[in-house]
Every structure is written in structure tokens, then in C-alpha cells.
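# Results of the structural survey
Each chain is listed here by its residues.
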Amino acid sequence: MIISDGTYEAMDRNVKFWKRELSDQILLYFYMGNLLRNDGSIYLPGGEVSGRNPNLFDDYTRLLKIFLEDVELEKNTSYNQEILDDDLKIPIAYPELDFGNGMMGAIFGGKVIATSSQRRTYTFNEPVIKEWSQINNLIFDPNNKWVKKITDCLKFFVDKDKENNYLIRLFIIEEGANFVVSMRGTTQAFYDLADNPPELRELYSLGYKVGSEFFEMKREIVKKHNENILDNKEFADLAPIHSVPLLDMDAYALCSPKIFETIGFEYKQKILNHFKGGLFYIHALGSHIVPIAAYLDDLTEIFLHDDPKCTKYFDRRVEMRRQTFNIPLEMFCNYKEFIKALEEKTLPGGVKYIMLVEDPENFSVAYLNDLMKKVKKYRTMALAGKPKK
């Protein structure tokens, strides 16, 4: 793959962003198309989800074919090399996505529950631990059927990319409350999180150890492949594509802040320390845990993710910026609100804005690049790091 000067510049800007050197500046990524439904939820293409559709994780060739078809469709939009925004313009394959959330339970013997559309598979698993005494029998086996399926799939994607046409992203580490949900079942997990029995800490410890080991196994498969494409060591070492993990925060959004403070924070810090970095997203439903998460060390980035019937994070951008000190943030916005805020100079710095361009045919490359020149010149008040708690 020939990487453009614009992509190298985007990599350099993202590195400075993650190193907290752009706290008085902003980044912008144009998403060409309508990512969000009217109610604020994410649009997931693929057709009807039903038991009649085969599971994609059983057919690596089909998984790759679907990904390459999507890349071909987006060549003239998201991957347009002439648009000089802060996106890499390098296609990123995400084969683990279709193995889904059920895998952490599956590798400990939990029965996988899978449903598929024509282009996506979603999974969960039946509870693994019905009695706390069962924790003692749980051992991570690198030769487990599901571990092998996932690692074989990653190797397949690496081996098929002879011309270095795409990066490969790794899946979320479910080491915290999401892991508890996978192991105990949804209802029982929330009772456990509320009651905080002594065994809960054992389960968190297991999630941390297994999540770290499994991520390291997968990283070894894709790391060299991704580094060869990126040709930028600093970016490759920092990027939450393969070097540092994406971490779970979903279940905490449905809990009181006290639960994250009591146990979630401690183990989130352990895994951030282990990898010297990590990214997570916090749903708008869980915005109450943002001020607590802001005190974590070694945090690469927080993606503030909008939810239906919740105030958009963009509308709370100043408040979120104040609560998170100088931690790099990422959030959605639309074209009109971004332009208005840019003109009014009300965009906090240290933020990557994902601007949804719902009608890309109405925007020329020249216009978008002129907008990027304004973005790169934009300056605001520099941010202070977090104080000692």
C-alpha cells in the first residue's frame, strides 16, 4: 500500500493527540453517510437478523469477502485519499467483531447464542458460573476451540493480505463488569455488582488475567502486519487498533457510580497499567461515570458515545471537557452544529470530532479541505492535567 502524505500527517496529529500535546487544538474526521438513526442509535447495515442466516464466524472467506465489498463501496467516500482530515484513509478489517460478546464466556464452556443477518453476526453466551465454587475450575486454555477459531481467523486475514491493503483491529477486552455479565448471566451479574460478595473480586481477577493474556496472543498475530502497513512506529505503538486495548464499560452505564468506584476503577487501572494505555467508550446512559473514569492513569482516549433519548455529548462538550481534564476525547457531531461551534469558537480542545456528513454528494473535496485548514488553525485554551485525587 502506498500511504499518502495526508495519511502520514493524520498519523502524526493523532500521535500528538494521544500524547496530550494538542489540548489547545482539535481533530476532525469526516464520516461520509448517515451513521445514526433519528433516535440517536447506531445504524447497523446487514438486513434481517434471523436464525436462517449462517453465522459468519464459521466462514472466514465470507467474512473477508464482505469486508472487501464494503471497502470497495467506500473508496470514493471515507477512504478518499484527497480528503485531508484526521482519518488514516487505510481500510481496517475487524474480523473478531462477528465472534462478538459471547466469546469470553464461550472459552470457559458457556454455550454460544448467535444470531446473524446476511452481513453481521451477534453473539452472547449462557451463564458459566451458577455457583461461586465453580470459579476454582476455570482455566484459560490457549487450545480451546473458540480461542483457536479466533486466532485462526486473524491468521487467515493476515495471510490473505499479501499486498498490505488493510489493517486488522482487535476486539474489546471484556475484563470488567461485562465479563461478570458473561460469566454469571445478566440478572445475576447486576445482583453481584450491587452486593459485592467476596467471590466477585476473584472473578474480576480472572477477567483481568485472561483478558490480558488473550489480547497478547492476538496482538502477536497482527502486530507485525499492521506495523508494516503503518510505517510509523510511534503511531503503531500508541494506536488502539492492536497495540493498546479497547476496554469494556457497557455494564457500568447501567450501574450507580459507586459500583465503578468500589471495584471497577481498580481493575480498569490494572489493565491500563499492564498495557501502558487503553481506550474505552462511555455511553451517554453512563455519563455519570465520566468524572470517576477521568482519574484513571495511562488512559489513551475516551470515546463519548451517544445513546437514544439522551442529551448528545456534543451538546455537553464543555461540561465533558471540564470533567476529564486533558484526556483525549472523541465524540459525534453533525455538519451544521460543528460549523456553528467552529465559528463561535466554542469547541473545546483535545477532542477528535466525528462529523457525520449525511449528504456527501453536496460537499466537494476542495470545500472539505478548506474546512480542514480552518480546523488545523483553530486554537483554544490549553488544558490542565488532572490534579491528585
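What this report covers is the structure whose coordinates are included nearby.

The rules behind these values
Residues numbered from 1 in each chain as written. Predicted model: local features only at pLDDT ≥ 70, side-chain atom pairs only at ≥ 80, totals over all residues. Heavy atoms only, no water. Helix = DSSP H or I, 4+ residues; strand = E, 2+ residues; numbered from the N terminus. Buried < 20%, exposed > 50% of the residue type's maximum accessible area, 1.4 Å probe, protein only. Contact = heavy atoms within 4.5 Å. Pairing = 2+ DSSP bridges. Core = buried A, V, L, I, M, F, W, Y, C linked by side-chain atoms within 4.5 Å. Expected span 1.5 Å × (residues − 1). Polar contact = N/O pair within 3.5 Å; in protein donor to acceptor, adjacent residues only side chain to side chain. Phe/Tyr/Trp six-rings, centres within 6.5 Å; stacked < 30°, edge-to-face > 60°. Lys NZ or Arg CZ within 6 Å of the ring centre and 35° of its normal. Axes fitted to C-alpha atoms, helices over the stretch in contact; angles between N-to-C directions. Parallel < 35°, antiparallel > 145°, perpendicular 65-115°, else oblique. Nonpolar A, V, L, I, M, F, W, Y, C, P; charged D, E, K, R; others polar.

Turning to the environment of Arg13, a few remarks are in order. You can see Arg13 is positioned in helix 1 (residues 5–18). On the basis of relative accessible area, Arg13 is assigned to the buried category, the value being 10%. Once the C-alpha coordinates of Arg13 and Asp87 are considered, the two residues, 74 residues apart in sequence, prove to be 10.0 Å apart. What Arg13 contacts, discounting residues up to four positions off in sequence, is Leu22, Gln25, Ile26, Leu27, Asp86, Val375 and Lys376.

Our next topic: the sheet that holds strand 9 (residues 329–334). Here we have 6 strands laid out as an open sheet, ordered 1-10-9-8-7-6, and parallel in their pairing. Among the strands making up the open sheet, the edge pair consists of strand 1 (26–32) and strand 6 (246–247). Pairing geometry for strand 9 and strand 10 (residues 351–357), over 6 bridges, is parallel. When the sheet's bridge partners are listed, Asn334 is paired in strand 10 with Leu356.

Our next topic: the nonpolar core. Membership of the largest hydrophobic core comes to 104 residues, with the highest contact counts inside it found for Phe30, Phe338 and Tyr353. Examining the composition of this core, we find that 10 residues originate from one element, helix 7 (residues 198–230), more than from any other. Each residue touching Tyr353, except ones within four places of it in the same chain, is listed here: Ile26, Leu27, Leu28, Tyr29, Phe314, Arg317, Met331, Cys333, Phe338, Leu347 and Pro348. In terms of nonpolar packing, the next biggest core, distinct from the first, is built from 16 residues, Leu88, Ile90, Leu230 and Ala239 among them.

This part takes up unusual backbone geometry. Even without a glycine there, the phi angle at Asp231 is positive, about 50 degrees. With phi around 55 degrees, Phe325 is a residue other than glycine that occupies positive phi space. Among the structural elements, Phe325 can be located in the loop between helix 11 (317–323) and strand 9.

Spanning 16 residues, helix 4 (residues 145–160) covers 22 Å between terminal C-alpha atoms, matching the ideal 22 Å at 1.5 Å per step. Three or more residues of helix 4 are buried, namely Trp146, Val147, Lys149, Ile150, Thr151, Cys153, Leu154, Phe156, Phe157 and Val158. Structurally, helix 4 contributes buried residues whose contacts are with helix 2 (60–74), strand 2 (92–93), helix 3 (103–106), strand 3 (112–116), strand 5 (167–168) and helix 7. In this structure Asn144 caps helix 4, since a side-chain oxygen of it lies 2.7 Å from the backbone nitrogen of Trp146.

Turning our eyes to something else, we now look at the packing of aromatic side chains. Here the distance between the centres and the angle between the planes together describe a pair of aromatic rings. Within this structure, the stated rule accounts for 21 aromatic pairs. Cation over ring: Arg120 sits above Tyr122, and NZ or CZ is 4.3 Å from the ring centre. Note that Arg184 overlies the ring of Trp132, its terminal NZ or CZ placed 4.0 Å from the centroid.

Turning our attention to the side chain of Thr151. With respect to the helices, strands and loops of the structure, Thr151 is situated in helix 4. The class for Thr151 is buried, based on a relative accessible area of 6%. At 2.9 Å, the side chain of Thr151 forms a polar contact with the backbone oxygen of Val147. Among all residues touching Thr151, those that are not within four sequence positions of it are Phe214, Met217 and Ile221.

Bringing the packing of helix 5 (residues 177–184) against helix 7 into the picture now. Look at helix 5 against helix 7: their axes get within 9 Å of each other, and the N-to-C directions meet at 105 degrees. With respect to their mutual orientation, helix 5 and helix 7 come out roughly perpendicular. Contacts from Ala177, Phe179, Val180, Met183 and Arg184 in helix 5 reach Leu200, Leu203, Tyr204, Leu206 and Gly207 in helix 7. Here the contact of helix 5 with helix 7 is built from residues that sort into 8 nonpolar, 1 polar and 1 charged.

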